[in-house]
Amino acid sequence: MPGRAAWIDAMRRRDTLREQLRHVPIFSGMADDELTRVARLARRIREPAGELLVKEGEPGHELLVILEGEVDVRHADDLVATLGPGDFVGEVALLDDPPRRTATVRARTAVTIAFLGRREFERLCSELPQLAQQVQAARDRRRGGPDPATT
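Residues numbered from 1 in each chain as written. Predicted model: local features only at pLDDT ≥ 70, side-chain atom pairs only at ≥ 80, totals over all residues. Heavy atoms only, no water.

Quick notes on the sheet that holds strand S2 (residues 52–54)
Part 1 of the reasoning: Pairing is antiparallel in the open sheet, where four strands are placed in the order S2-S7-S4-S5. Single-partner strands in this sheet number two, and they are S2 and strand S5 (78–83). The average undirected angle you get between the axes of adjacent strands in this sheet is 30°.
Part 2 of the reasoning: Summarising the sheet, S2 and strand S7 (residues 104–107) pair through two bridges and their orientation is antiparallel. From the neighbouring strand, Leu52 faces S7, where its bridge partner is Arg106. (Pairing = 2+ DSSP bridges. Helix = DSSP H or I, 4+ residues; strand = E, 2+ residues; numbered from the N terminus. Axes fitted to C-alpha atoms, helices over the stretch in contact; angles between N-to-C directions.)

Rendered as structure tokens:
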């Protein structure tokens, strides 16, 4: 029965994504049912090394959580950070108006990313206020510190 096999495969992928998200600091304090909600709304994507993920100055409409691999973050052509599993980018554009990217992000290695679009992100933040607080705090830390590695 192909429909059942596809459903089982989808459930396994969601469970794997939930377990990966458990190790991401902004999600680490969440209960299993909350992580399951995040995993249901997120898309897991893979990109090759060298892929441009985010371009400085462009509108931003998603949060990208790095699950595997590394990305380089550049601001005005200067390398400001290399991020890896558990790190995320995109929160500045989701929280600010207008939603503009403040850095360019390119895959340094092949990467696996959890992708949350604006609608999904806003839904999660309304359902899970602690997520909104964690992301806001991360944005504030990035803005207040010497590292402009925000997107």
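Continuing now.
Observations regarding the pairing of strand S8 (residues 111–117)
Part 1 of the reasoning: A large share of S8 lies buried, amounting to seven of its seven residues.
Part 2 of the reasoning: Residues Val111, Ile113, Phe115 and Gly117 of S8 are buried on one face, and the alternating residues Thr112, Ala114 and Leu116, pointing to the opposite face, are buried as well.
Part 3 of the reasoning: Judged from the five bridges that link them, strand S1 (residues 43–47) and S8 form a sheet pairing that is antiparallel. Looking at the pairing, Arg43 lines up with Phe115 of S8.
Part 4 of the reasoning: As paired elements, strand S3 (residues 62–68) and S8 share six bridges and run antiparallel to each other. Bridge pairing in S8 links Glu68 to Thr112. (Buried < 20%, exposed > 50% of the residue type's maximum accessible area, 1.4 Å probe, protein only.)

Structural notes on the sheet that holds S1
Part 1 of the reasoning: Taken in spatial order, the four strands of this open sheet run S1-S8-S3-S6, and their pairing is antiparallel. The sheet is open, and its two borders are formed by S1 and strand S6 (88–89), each paired with just one other strand.
Part 2 of the reasoning: Along the sheet face, helix H4 (residues 118–127) touches S3 and S8 and points at about 70° away from the line of S8. (Contact = heavy atoms within 4.5 Å.)

Focus on H4
Owing to its 3.6 residues per turn, the α-helix brings residues three or four apart onto one side.
Part 1 of the reasoning: All of the buried residues along H4 are Phe121, Leu124 and Cys125. Mapping the buried residues of H4 onto a view down its axis gives an arc of 100°, with all of them on the same face. Exposed positions of H4 whose direction lies more than 90 degrees from the buried face are Arg119 and Ser126. (Arc of directions from axis to C-beta.)

Points about the environment of Val71
Part 1 of the reasoning: Here Val71 lies in strand S4 (residues 71–75).
Part 2 of the reasoning: When its relative accessible area of 1% is taken as the criterion, Val71 is described as buried.
Part 3 of the reasoning: Each C-alpha atom, one on Val71 and one on Leu52, is 9.5 Å from the other, the two residues being 19 residues apart in sequence.
Part 4 of the reasoning: Contacts of Val71, omitting those with residues within four sequence positions, involve Leu53, Ile66, Ala81, Thr82, Leu83, Val105, Arg106, Ala107, Arg108 and Val111.

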